[in-house]
Amino acid sequence: MTTDRAAYERRSSAPVIAPVEPRKLAKVPFVELADGRLQGVVSSGSDVERVYVSSITAGDHGLSCNTNNNRPCGGLAGGSRACNHIRALADAAVAQYGLDRVARYLKADLSDGGDDLWAGLHTTTAPNRAAEVFASFLRHLAYLEVEPTTDPLPELQWFPAAAAVR
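If you're wondering where the values come from, they're calculated on a predicted model, not measured in any experiment.

(A) Spotlight on the pairing of strand β2 (residues 37–43). Counting buried positions along β2 gives seven out of seven residues, so the element sits mostly inside the fold. Side-chain alternation along β2 places Arg37, Gln39, Val41 and Ser43 on one buried face and Leu38, Gly40 and Val42 on a second face that is also buried. As judged from the five bridges shared by strand β1 (residues 30–34) and β2, these two strands associate in the antiparallel manner. Within β2, the residue paired with Phe30 across the bridge is Val41. The antiparallel pairing of β1 with β2 creates a hairpin that spans two residues between the two strands, and Asp35 there sits at a positive phi of about 55°. Across seven bridges, β2 lies against strand β3 (residues 51–57) in antiparallel orientation. Bridging from a neighbouring strand, Leu38 pairs with Ile56 of β3.

About the criteria used
Residues numbered from 1 in each chain as written. Predicted model: local features only at pLDDT ≥ 70, side-chain atom pairs only at ≥ 80, totals over all residues. Heavy atoms only, no water. Buried < 20%, exposed > 50% of the residue type's maximum accessible area, 1.4 Å probe, protein only. Helix = DSSP H or I, 4+ residues; strand = E, 2+ residues; numbered from the N terminus. Pairing = 2+ DSSP bridges.

This is the structure we're talking about:
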């Protein structure tokens, strides 16, 4: 083991995948591939107290974008053309996970070998999932307050212990 790796990487029984390239956390502080969606939180460019909760569903490529106060995004034209928040979310996801992984998760057709995620998406309108996505973001934020320790966290006990993995 090298000494330049973070302590959590040395203790982890699961491999830690490094981001494909660095991304700006100020614009998109939270992005994840979960619950059948690419979802995340995007900062507002005009109001420091407002964030947008955006998502793209896998398969049907449904778009959803709302403020943290559950107001619809004005830039989501007709619900089927991506607003700037959803585009920023997709760009952050590609930087974090790589184009191939994001396209595979969303079931986007990149058969022409292109490197444009949007060319492989056939977007529609999706139901509002802002509450679920924002709750996931707040759960992740809570881990920033946990003191570093090698002791197991009770809410993560569903992960197998390192000795149990074969």
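Back to the write-up after that little detour.
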